[in-house]
Amino acid sequence: SEPFTVAIDGPAASGKGTISRAVAARFGLAHLDTGLLYRAVGVRMLDGIDPVEAAQALTRADLADEGRLRGAEAAQAASKVAVIPEVRAALVDFQRAFARRAGGAVLDGRDIGTVICPEAEVKLFVTASAEVRAHRRYLELRAKGDETAEEAVLADVIARDARDSERAAAPLRAAGDAIRIDTSHLSIDEAVETATRVVGERL
Ligand code: C5P
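Residues numbered from 1 in each chain as written. Predicted model: local features only at pLDDT ≥ 70, side-chain atom pairs only at ≥ 80, totals over all residues. Heavy atoms only, no water.

- Going by what an unreviewed UniProt entry lists, the chain is known as Cytidylate kinase and is assigned to Antarcticimicrobium luteum.
- If you open the UniProt record of the chain and go to Sequence similarities (unreviewed entry), you find "Belongs to the cytidylate kinase family. Type 1 subfamily." (UniProt positions renumbered as here; feature names shortened; annotations may be inferred.)

Take a look at the structure:
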């Protein structure tokens, strides 16, 4: 039988990362945060490397430096290289191979249900208002000692949303058969519980 694939898409700080890790752990599936691929290409671009060449040469080892990859600079750079069709094309095989892992997999990103795994058994689209997402990101940054003002974090979230939804190549969009989960008024536990129930019903 085909391996079980869960596709989880949504904008930055919607809760999709937390939900993806929890769903993977709950059902014993492998998890790939595909944003890390674009972040890794983004930091190579900041280092002066051609992003298309960086994407073509990307290996698992390039995803190891999570400290730098998780930063705001890497996020903005990621959303810039993510508009380049050749960069996206170079990352498709890695993602599809991961999705076909024997034990099943959870992939989270922006275009998993629409482009990378349109045949996924379960598709979730996780959203929350820009204000709620900016507030979460602001609290996360503060906990790490980063004093960026909340208005600046909101501006950053809105800029990245616009770039991700308005690009021609694989824009951020819910697949027609995706199940939407709006986490604006849900706690982390409630969001995880909702997603786990939806996946469990389809396993
Ligand atoms: O999810 P994360 O915030 O780490 O993603 C960083 C950026 O990478 C996004 O803003 C988006 O531009 C890009 N991305 C993408 N397609 C994916 C995952 C991420 O375009 N599947």
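## Thoughts on the UniProt feature "domain: Cytidylate kinase" (unreviewed entry) in the chain
Point 1. The sites that carry the UniProt feature "domain: Cytidylate kinase" (unreviewed entry) are, in the present numbering, residues 6-198.
Point 2. In residues 6-198, the share of helix is 55% and the share of strand is 12%. The end C-alpha atoms are 11 Å apart. (Helix = DSSP H or I, 4+ residues; strand = E, 2+ residues; numbered from the N terminus.)

## Describing the pattern of salt bridges
Where charged atoms from two side chains of opposite charge approach closely, those side chains can pair.
Point 1. This model, assessed by the stated rule, comprises eleven salt bridges.
Point 2. A salt bridge links Arg 110 to Asp 164, with the shortest nitrogen-to-oxygen separation between them at 3.3 Å. Taken together, the positions of Arg 110 in the loop between strand S3 (105-109) and helix H7 (112-116) and Asp 164 in helix H9 (residues 150-166) put the pair 54 residues apart, joining distant regions of the chain. For the residue pair Arg 110 and Asp 164, the accessibility class agrees, reading buried in each case.
Point 3. We note a salt bridge from Arg 202 to Glu 201, for which the minimum N-O separation is 3.5 Å.
Point 4. The class for Arg 202 is partly exposed, based on a relative accessible area of 39%.
Point 5. The class for Glu 201 is exposed, based on a relative accessible area of 58%. (Salt bridge = Lys/Arg side-chain N within 4 Å of Asp/Glu carboxyl O. Buried < 20%, exposed > 50% of the residue type's maximum accessible area, 1.4 Å probe, protein only.)

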